[in-house]
Amino acid sequence: MADIQARTIITLAFNAASTTPGTNTTWVGGPGTFSAEGTFGGGTVTLQTLTGNGTWMAVGSDTTLTAAGIAGFILPKGAQIRALIATATAVYAYAVPMG
């Protein structure tokens, strides 16, 4: 098993709230994990990707977290990703490539 500290960790939100979407970044391609923690209070944190039509949408139903957790996903190289926070506060969200 690979040491998590040796992997690239992409920070999508750092002590953030739902006032603005997280900064978008370019995904390296392939499988990865999305994790988020914070004060959810009925809110959500969603991993989103930008479609070719310019619309942000959830990567999948399992990447919309209603409590602290981790979900797996697969996206192509060059996909734009971000964390969208709704109602939750003090959110830390990350994407980690599995390759």
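The structure under discussion appears in the preceding block.
Residues numbered from 1 in each chain as written. Predicted model: local features only at pLDDT ≥ 70, side-chain atom pairs only at ≥ 80, totals over all residues. Heavy atoms only, no water.

Undergrad: Please explain the packing of aromatic side chains as it appears in this structure.
TA: One pair of aromatic rings is described through two measures. These are the centre distance and the angle between the planes. Within this structure, the stated rule accounts for two aromatic pairs. Considering the side-chain rings of phenylalanine 14 and tyrosine 92, the 5.1 Å spacing of their centres and the 85° angle between planes classify their relative orientation as edge-to-face. Residue phenylalanine 14 is located in strand β1 (residues 10-16), and its partner tyrosine 92 is located in strand β9 (residues 89-97); the two are separated by 78 residues in the primary sequence. The exposure class assigned to tyrosine 92 is partly exposed, which follows from its relative accessible area of 24%. Where tryptophan 27 meets phenylalanine 73, the ring centres are 4.9 Å apart and the plane angle is 55°; that geometry is what we call tilted. You can see tryptophan 27 sitting in the loop between β2 (25-26) and β3 (30-39) and its partner phenylalanine 73 sitting in strand β7 (residues 69-75), a full 46 residues away along the chain. The class of tryptophan 27 is buried, set by a relative accessible area of 1%. (Phe/Tyr/Trp six-rings, centres within 6.5 Å; stacked < 30°, edge-to-face > 60°. Helix = DSSP H or I, 4+ residues; strand = E, 2+ residues; numbered from the N terminus. Buried < 20%, exposed > 50% of the residue type's maximum accessible area, 1.4 Å probe, protein only.)

Undergrad: Could you clarify how one ought to interpret the pairing of strand β4 (residues 44-50) in this entry?
TA: For β4, the tally of buried residues reaches five of seven residues, placing the bulk of the element in the interior. Where β4 lies against strand β8 (residues 80-86), six bridges are found, and the strand directions are antiparallel. Paired with leucine 47 across the two strands is alanine 83, which belongs to β8. As paired elements, β4 and strand β6 (residues 64-65) share two bridges and run antiparallel to each other. When the bridges of β6 are listed, valine 45 appears paired with leucine 65. Here β4 pairs with strand β5 (residues 56-58) via three bridges, running antiparallel. For leucine 50, the partnering residue across the bridge sits in β5 and is tryptophan 56. The antiparallel hairpin formed by β4 and β5 contains five residues in its connecting segment, where glycine 54 sits at a positive phi of about 85°. (Pairing = 2+ DSSP bridges.)

Undergrad: So what exactly am I meant to see when it comes to the sheet that holds β3 here?
TA: Consider a sheet: its strands pair through backbone hydrogen bonds, and that pairing is either parallel or antiparallel. If you walk across this open sheet you meet the four strands as β1-β9-β3-β7, and the pairing is antiparallel. Every other strand in the sheet has two partners, leaving β1 and β7 as the edge strands with one partner each. Ignoring strand direction, the axes of neighbouring strands in this sheet form an average angle of 15°. The pairing of β3 with β7 spans seven bridges and is classified as antiparallel. Counterpart to glycine 32 in the pairing with β7 is phenylalanine 73. (Axes fitted to C-alpha atoms, helices over the stretch in contact; angles between N-to-C directions.)

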